[in-house]
Every structure is written in C-alpha cells, then in structure tokens.
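Listed below are the residues making up each chain.
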Amino acid sequence: MPVSLLWAVDVYGRVYSLSTAGQQWEQCRDAQMEFKRVTAAQQCCWGIACDNNIYLNVHASDLPVRYQEETYENQRWNPVDGFSDRLLPSDRWQLSDVTGLQHQPLDNFRLPSSSWEWEGDWYVDENFEGEPTEKEGWSYAIDFPATYTKDKKWNSCVRRRRWLRYRRYKAMDTWAKIPSQQTTLPDPFSDISCGGWEINEEPRGRLSLWAVSLQGKVWFREGIYHHNPEGSLWEEVPLPGEVVQISCGPGDLVWAVLWEGQLIVREGIGRDCPKGTSWAMVDSPSPDVGATHVAVGVNVVWALTKDNKVWFRRGVNSHNPCGSGWISMVGEMIMINVGLNDQVLAIGSEDRAVYFRQGVTSSELSGKTWKVISVPRDGDRSHSSASAHSLQSAGCYFCGEVRAQSLVSDVESDTEKGSTDGASCIITSSSPESFVDAPTEHSDQPIETPKSRIPKVTSDSFISELVSDRGPGKTSREVRSAGPAVLEEETIPLEGEVKAPDVGVSLSPSQSVGPLDPQWSNVDLEEAQGQQAQTGAVVDTADTSSLSSVATFTLAMEDPYGVDEHPMWAWVSGGGCSVDSHTQLNWFNCSMNTSSMVQSVQSMSLSVTPAQTAAWRKQIFEQLSERTKREMDNFRHYEQAIEQSVWVKKGTMQWWRDWKPHKWIDVHFALEQFSGPEGNKDGILFIYYNFYEEKKYLHAFVNEVTILVPVLNDSKHSFAIYTPERTKQRWPIRLSAATELEMHDWLALLSVSCCDSRGIQGPPSKQAIWSITCKGDIFVSEPSLSLEAMPYPTPCDQMFWRQVGGHLRVVECNSIGIVWGIGYDHTAWVYTGGYGGGFFQGLASSTDNIYTQVDVKNVYIYENQRWNPVTGYTNRGLPTDRYMWSDASGLHECTKTNMKPPSPHWTWVSDWTIDYSVSGGTDKEGWQYAADFPASYHGHKTMKDFVRRRRWARKCKLTTTGPWQEVPPIPLSDVTILPCAAQSSVDVVPLWAISNKGDVLCRLGVTALTPAGSSWLHVGTDQPFKSISIGAASQVWAIARDGSAFYRGSVSSQSPAGDCWYHIPSPSKQKLKQVSVGRTSVYTVDENGNLWYRQGVTPSYPQGSSWEHISNNVRKVSAGPLDQVWIIADKVQGSHSLSCGTVCHRLGVQPLEPKGQSWDYGIGGGWDHITVRGNSMEPPRVHLPSLTERTPLPVRNTEINSSAVGC
C-alpha cells in the first residue's frame, strides 16, 4: 500500500503529519504559520490559519500540475482581403472562447495567484482533433458557429485557430494562501471540510470543499480538480438555520451541525450536482443534549454531543444518507473525524490525545476499541534526563529532596468505561551509590497535585510477567541495592496527598545516562493470605509517553532543555490517510515506550525474590486445580445437555434457473448447518422457488460443494456453486445477491462451512495445487494421495477448491512452499504464508501476513473503419459489417462512453489512448489494415486493404488484500520454480523469470525462509523471450517471442545460470507460446492451441529428438515433479453447456507411457492458469486383482456427456 499521511493540529496551531509507515509526527515546513483546523485528501490538505484565511498544501508528485489556457482567433473571408480580422458586427470577437461569447484577448489572461507561473509564451495549436493541420493551425467552416474541418473548401467563409499557453502550479509541499474573491466575504471561515472525490472520476482529482463562516453560513468551492487545485470561486448554499460545523465524506455524504444542536443532511448530491439540492433535518442523538460535532465517511456517520459522548449512526448509505438511528459508543471525545475506508480518529476530551478506532471493517463499521496514537514528534529529543519542568510536573524537586505524589486515576478501558481511584507510592531502597540524597527527616507535609487521567496496569499479561521467573542475567539494568528492599504501606490522604517513605533512592549509572527515562509507579499485588503487598515499581507506558499523565517521576539529573513530551491536539484529519483492517501500523508500539517498559519491569524485579516467585507459582497452581475440580469434575456424571447444534441462515436472492428460457428469478436461499457430538460439521443448501405456481426446492450438501466462484459484473453481484454433478453438466448453481456486501458475506460463510465439513483449516499446504480464473481470482486445492494413483485416480471433478485473497494473472509454486505470482500489471508477488484476505473476514482469514495488493490492467476496444471511393476511410460500414466501435470479435458494441471497468471493484485510472503494441504492427496513427472483417491484420496499407482498425486502451486499477508481498523492481511476464521432491534438501532453490521486455532473469538467494530471494542475475539472449520453465533435474526450456524453442545447457547448482542456449526446432508450421518441464517430460503449447510432447529426452541428450502431438484446444499446460500433466482446455462439452477454460487431468501417465492415455475433466469454465508443480506426493501403489477374482473394481467414467441425476 502506498504511504499516506494523517494530519493533525496541536493547541498551539502547529500542523503535523504522521505517515502510515512512520513512527513520529513530522512538523510542516511552514513552521511559523499557525492553523485552527485542517482537512485532508490524498493529494492535498486544506487549512484555516489563525489569520482566518484559507490555505492549501498540495503534495509534490512526479506529475506536475499544469493548466491549459486557451483562446480562439477568429477570421472571416472577404473578396478584397481574403481571410482577415475584419468581422461582421454580428460575428464573435476576434479573440474569444470556444463559444465566441466571451472576449478573451491574449493580454487579458492573468495568473490566478502567486502560486502559479507561466511555462512559456502563447503558441498556436497546429493539431485539430488529434491530426496535424496544414496551414498554421487554421480550421475552416461555412459560418460561426458550425462544424470545423482542417481542410479549406470552396465554401469556407470563416476560420479559427486555437492559441495555447500553460501555467504550472509551483507551490508544492507548502502552504499557499487561497485568494479571496472580488466581492468581500461576509465574515471569516470557522470550519472547512473536503471530500467528494468518489462522486465522479472526471475530471481527475475533482474535490468538493465545504466551508462554514462565523455567521453560520455554508459555502461551496467550485472548480477544484487536478489541473486547478485552488478551485475557482465560492458559492453560498442556502440553509435552514445557522451552521457551526460541517463534514463531507469521500462520496455523496455531507452532514452539518446547527447552532441549536440538530443536524442537517445534504440530499441530491450526484455526479451532475456535487453541491446537492436540499437539506434534511436529523435530531440530535440525545434529546436533552445537542450535537456539537459530526464526521462522515462513505457509509458511516459519527457524532459528538455537548457532554462529549460519542454516537454512531446506523443504516447510512448513498440511498439513505439520513440513516435510521443512533447508537451510543464508548469514550468521551471533543473532536472526531472519519478517514479513508471509514476509519475513525478522534481527540480525547481529557488528555487531548489522538485516538484511532481499531477493528473498523466493511462488515463492522462501528469498530471495536479506541487506541491512543503514541508516537513522538520530530521536535522531541531523546533525553538522558528529564527537564526541571518535567520533574516538577511529576513530583517535587527541592534541593535534592524528592517526594512522591498521588494521582487519581480515571481509567477507561478499550471496550467499556469505568473509573477507579488509585494512588501510588514510591518503593525505594537505601544505597551509598545514590545520585539523589534521601532526606534525613521524614517529611509530613502533604503535596498538592492536580488530578490526571492515567492508564492503570491491570492486564493479565502484565500480572503474569510480574510473577514469571527472572534469572540473574535478566536484571542488568536493575537498581543496585545494598540490602533487601524496604516496603512500607502508607495511608493515602485525601485530595491526592501522599507521604514519602523515609528511605533513600538508588539509581544505577546505566539508567542515569541511558537514552530513555526509567519511569516508576506502583502496582499492588495482594496475596490470598491477606499479607501486606510487596511490589516493585513499574509503569505502563504502552499508551502514552507523558510524564504529566502517569503516576510516575524520573530520578535523574537536571536538564535545562525541556520539551513538552505530551502533545495536546486540537484537530485531526484522516481524509488522506489510507488505512484498512489489514494495514500494519507502527503508531501504537513506540520504541520509546517499549524501552521504558522494559527498564521499569526489569528495575522492579529486585523486589521479587525467587522464593516469593516460587510461592506465588505454587499458590496459583493450587487455586487453578481447585477451580477445575469444583467447576468440571463434580459435573462429569451429568449427560450433555446438547449433543448437536443446528442453526440456519436465510436470505432472499435471485437464481439463474435451470430450464429454458434461462433468466433470473427471485428465490429464498437457506444454509442449514449442524454439528455432531464429536465436533464434525456439515450442512445443506436449499433454494426455494416457484415452478408454474408450484413451490419447489433445490438442495445441495455442503460436503459435496467443490468450489464457490464470484462472478462479478456491472449488473449483478452473483456467484456460482459447483458440485461434482454440476461440474459434469458445466452448469453451476448461480445465485445473485442484492448488494456486493451481502454477496461477500454469503461467500465467506459458505466457504467456512465447506472448509469445516472437509476439515480444512489454515493456509494451503506445500503440496497444494494453485489455479487462477480469467478474472484473476486465486484458488487452491489440497491434493489427495490417490490423485495421481494408477489405474483409478481420484476424479478431478471431486477436488475441493477454496479461494485465497489477492489478484494475479500467473502463479507458480513448488513442494517446499515457495509460491510466486505475477499481476496483470507485470508486478511480481511472493506468497507470505497467510490465508484469506479479500472479502474473507474472521475465521476465514489469517490476521497476519495479509497485505494490500494493487493490480492494474488494460481494457481494450477497437475502432473499425471501411474505405469507400468518395471519402476514403470512414466509420460508415456496410450493413453486414461489425460495429464501428467494438470488442476484438466485433460482435459486441463497445464505445468509449459505455465501456465500463470489468467489475465494480475496478476503477479507471487513465483516459483512452491509442495502443501501438498490437500483434502485427501498426502505422504511426495506430491503424492496422486488412482486406475485410475479420482477416489477418498488418501495419501498412496496400491496394487490397478495404478495412482498418486500431485498438484503444484504458487502464483500470483494483485494490484488494491477500497473503502477497511485492517483489520490486523488475516487472515480469513469466516465472518458474524448480519442482523439488517431497523430501528435498535443496537449500537455494533455482527460480527463473522473464521480464516484460523479454529478458531472461535468474533469481538468487531463494530459500524456504527467504522465498523472495535477494537479487536478479541477467542471462543473456539474442532475442526477447516470453515463456520459461525449469524441470526437476535443472533442465531449463524457454520460448522466444517469435515462437521458437530453446534449451539452456549446463545449468546446475554450481552454475545456476548455465552457459549457452541451444535452439530447438518448433513443430512444423507452428509458433510455440508456452512450455512446462516436469521430472523428465517437456510439454509445449502453440498459438493454435495444440499440445506437444518432446520425445527422446534423456539425461545424455536433454534436447530430445522430435515433437509429438497430444491434443488440441489447449490454453495452458503444467507438468509436475512426478511428470503429471494438467492443462487448461477450451471447448469442453458438458451435458448442459459448453465451457471454455476447464481444468483437465491427464490419465495413465507412467514411466513407460509418459504421454498418458485420456483426459479427466475438472472444474471450469472460466479458468486461465493452473500449476501442479508443488504436488510431489507419490501415489500409493494399487494391487490389481487377478482375472479369477470375482469382485469387480469400480471404473471411472471419463466421458464428457455423463447423465445428470441432481444437484
């Protein structure tokens, strides 16, 4: 995931940013400026300074911000002068805008602010609609206005040309003042909020900026987008009352708070109307206490009331922006903000710290707990000693006399709030090595101290650490003591008064000069016998590093250079901070806090002797044994109250019915799951539908479901359910949910149920078979021992496939757990060992090793034209021709406007551009020519070419999560890993790859512990390659882009890159496109879908002798470490339908017959890639019965058209 920023303002008006990959607050460069509030987006941050002006901070990027100014020069023809500037009185201006209504002379253009600069002078645009003009950029027409052409005709009476000039935004990474309008605004702004970037993709970088003035008016900033980041002008928005605060989400949600405490919601916001049309009123969460603050995201609304209570609005979405009701949440905050992905940030009302809401997911928008962000600021220094101010704030510092203070702790847990009064006393010991002398007389004067909110150390993990064993070697940083610790129990006076014990204080030199301050506080451990508590001094610094907010003080020498170690925050904005539930943040475990905790825990271990530790251990063990006997043993004679549990989940969906005419019909869907007394789980799926007014149902057992496949498109959120019988039919159960979230919930639930019924948990095994669909979804299957058994293997239509998060185009693996993948954008990814991700949550996904994955791919459409003798090539075709804008087949109309991304998960990230990298070549304008549609296209025009086409491409991006980490920096097109044996002892695994430019690469340092390797080694070639594969004996085969085959000689562990390439002749009149090498077998696929086997391959002659044709209609092939052969086949006929992209298994492969005998058909269609190079499990040997035995063995029917008997 790219690094993004969290913005915040402290109480002194200083602006800081915190990176998602960083561990400290960075102060903005304009440190002299003071701000009241900020609001952030990913590309910029807006703020209201203390001078009441609006400022903008645009983040620097590789893409400059340039704005194109244009004006049109118009001329009319007359018989005397020809074309001249003499226009008719009714004509447009000589220099005007494109409509001719605005007068725009060149010297009237001014820079909008000092943040811009001109890149050059005015120049004439000599292109017209992408084509160069012949005469100084002029385009001609009959009259104003009309259709202009670049060619002058006999009736062209007017002409015009466009003048261009670019200005560049130069105020990057600095605060630039937004100029005020000519008309004086009624009053200064008091609040500001930006958002709306998800409403419309065009223009790029479009933002909605809302502001509130001191008089309660609301203003909207027009014209903000990438090329004009400052916007154009402010427009006032009518209101039903006076507004005090406003919040705008990334989408179409805008809420505001009125002075009276009610809330208003903006309605009618859309792509064509970003300002909305009207306001709707929403009551305050509490009828007696008005609202003071509101924050909105994509589908959430959070609010604060005057008593600092936090409220969550349920039922909020684009169709119902007002929501349905309020839910009271834990915590007291003075400010709240919703960032990207509906993540929530807030500022505490007592400690003024920034809090992050953990556990916010798409399925649980309210989150689980508040977590304080505890990181230092870049101005804070690591001190070896504390300042005098810090000492005084933590205790008293008078002439070498140190006294403890008592602080009242107001504790608030993560999940529920409560308060506990506590006090602390300092446990000290006398030592001749003390740096701070103890007072000779016991002081009875109480110390007055203010109350402070502190965390109380009560966690079980902390208590267990106290009573754990500590060897002598673990206390190197402990306080040195001349004798046993002196423990006294003091009577705690009221109002925070405490008396210091009459003992000395000791501090080791290693502590006094260390980089971090040892902080002390008390934790009371009360023994069961009622003995007096004996405890060491420790403090929990996991949540804050402030000396003034914990019941501690520092024993150190005076430091005159003190800093405010506890920042007080006034405002926070997460609109530019991209965080999701899987993002690994370093905001909560600061190294400073960790070190302080270690020092504190180590220093207190002096107070706990080994004898005390042993006694505590024995006592705790006895109490646990007694509890076990009391709660379990005394009830063993009772029977179980429930031997099995049954639960049912129901819902309404649509089903693609089995009978003709096929269409979507409304059905009721139910999953009934039950568990037996032994813990085994199973279930049944029911689909209730009406058949000619008769109620019927369809059912499928969960343990028979072989795969769940999401089928996303623009119109339906659907998924397919396969069983072995449905796989034979090539006709799955296809269901459609009302929303994408509902579909993901059902998929996750069904996936968990299927895995439970088969006893599958955790990540895929090292022997797993990986496959990828044509949409980039990743599936794995755990092979059985009998999958490759002879002569009766496990039918591959009974294999169970489960989905893994992520999005890839190619995946390769081997049997020691190394898995690599390549995305559609040629980015290389390595498997991290996790499972789940994507839409899987909870038990269906691991909590670690899940990372954000981004993939980008191109969507193509074709522009087709036909030649005619009058006008040449035009978009007017014959009635029998294909669409003039179509897909590659020409059967479907695809225009620039109606073409959408592959699914709702994808978003456009570029405009349509001409694609010149088309097979067959293009001319300089991207056209390919042919005699007719369809035919063989070439990149140059001949006399026989009557049609032409060119391909347009547009990039779209997908952001998801999965157990994958990127391997930078070289983009790849193919990868292969050595297929090791099951008990392989290979330390460094050979891994070969091909870059997207065709270079052959060898990855060094790939091991089971470091699957990503260390570096690339370039292997020289005389032409670009496109496919590569390495066999179990380190034999490397590759396919060049021209379709020829090559073998790499002398590849070994000593020479991982080999020495030279040997050319292997291709099959007659065929161009190869893919190769896969097993233990001894070599298989290739050509561009016509033929599968070839290389004969005569021996250790002495590894190049082989000839090619033998095996099958046709093959898309991909994978040869495994046992020479097993699996393919992706096209045009597999089932009993109900024909499928393209089907997983097939070659039967009968054995050493004496390596080519096999027949195909067994598995899951499909829609599959694009498979790899079995990790399955090295030797199949069991089956004893064949003699002919005299009467018991017949079952015979596997491998025919395609098998009869269907049910679901």
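Computed from a predicted structure; not experimentally measured. (Residues numbered from 1 in each chain as written. Predicted model: local features only at pLDDT ≥ 70, side-chain atom pairs only at ≥ 80, totals over all residues. Heavy atoms only, no water.)

Novice: I tried to follow the overall build of the protein chain on my own but got confused; where do I start?
Specialist: Per the secondary structure count, the protein chain includes 7 helices and 74 strands. When the 1207 residues of the protein chain are sorted by exposure, 52% land in the buried category. Partitioning the intrachain contacts of the protein chain with sequence separation of at least 6 by distance along the chain shows that 59% fall at a separation of at least 24. Here the protein chain has roughly 57400 Å² of accessible surface; of this, 51% comes from carbon and sulfur atoms. (Helix = DSSP H or I, 4+ residues; strand = E, 2+ residues; numbered from the N terminus. Buried < 20%, exposed > 50% of the residue type's maximum accessible area, 1.4 Å probe, protein only. Contact = heavy atoms within 4.5 Å. Areas by Shrake-Rupley, 256 points an atom, 1.4 Å probe, with all protein chains shown as cover.)

Novice: Could you clarify how one ought to interpret the UniProt feature "domain: Peroxin/Ferlin" (unreviewed entry) in the protein chain in this entry?
Specialist: Mapped onto this numbering, the UniProt entry annotates "domain: Peroxin/Ferlin" (unreviewed entry) at residues 64-125, 137-170, 854-915 and 926-959. Secondary structure within residues 137-170 divides into 0% helix and 44% strand; the distance between the first and last C-alpha atoms comes to 30 Å. (UniProt positions renumbered as here; feature names shortened; annotations may be inferred.)

Novice: Quick question: what am I supposed to make of the nonpolar core here?
Specialist: Note that soluble globular proteins tend to have their nonpolar side chains buried in a common cluster. Residues Trp820, Leu972, Trp992, Phe1025 and Trp1061 are the most contacted members of the largest nonpolar core, which totals 34 residues. Elements supplying a minimum of two residues to this core: strand 46 (819-822), strand 47 (828-831), strand 56 (972-977), strand 57 (991-995), strand 58 (1000-1004), strand 59 (1015-1019), strand 60 (1025-1030) and strand 61 (1036-1040). Ranked by residue count, the leading element in this core is strand 57, at 4 residues. (Core = buried A, V, L, I, M, F, W, Y, C linked by side-chain atoms within 4.5 Å.)

Novice: Looking at this structure, how should I read the environment of arginine 76?
Specialist: Tracing the backbone shows arginine 76 in strand 7 (residues 66-78). The buried category is assigned to arginine 76, whose relative accessible area is 11%. Between the C-alpha atoms of arginine 76 and valine 158, which are 82 residues apart in sequence, the distance is 4.4 Å. Of note is the side chain of arginine 76, whose polar atom sits 2.6 Å from the side chain of aspartate 91. (Polar contact = N/O pair within 3.5 Å; in protein donor to acceptor, adjacent residues only side chain to side chain.)

Novice: How should unusual backbone geometry be read in this particular structure?
Specialist: The phi torsion of most residues other than glycine is negative, and most of the peptide bonds are trans. Going from phenylalanine 144 to proline 145, the amide bond is cis rather than trans, its omega being -25 degrees. Relative to the helices and strands, proline 145 resides in the loop between strand 14 (139-141) and strand 15 (158-169). Residue proline 661 is bonded to the preceding lysine 660 through a cis peptide linkage, with omega at -5 degrees. Despite not being glycine, asparagine 1113 shows a phi value in the positive range, around 60 degrees.

Novice: Mind showing me how you'd approach the pairing of strand 64 (residues 1072-1077) here?
Specialist: Each regular strand displays side chains that alternate between the two surfaces of the sheet. Burial runs high along strand 64: 5 of the 6 residues are buried. In this sheet, strand 65 (residues 1082-1086) lies alongside strand 64 in antiparallel orientation, the contact comprising 5 bridges. Within the sheet, the bridge partner assigned to glutamine 1074 lies in strand 65 and is valine 1085. Here strand 64 hands over to strand 65 after 4 residues, the two strands then running antiparallel side by side. (Pairing = 2+ DSSP bridges.)

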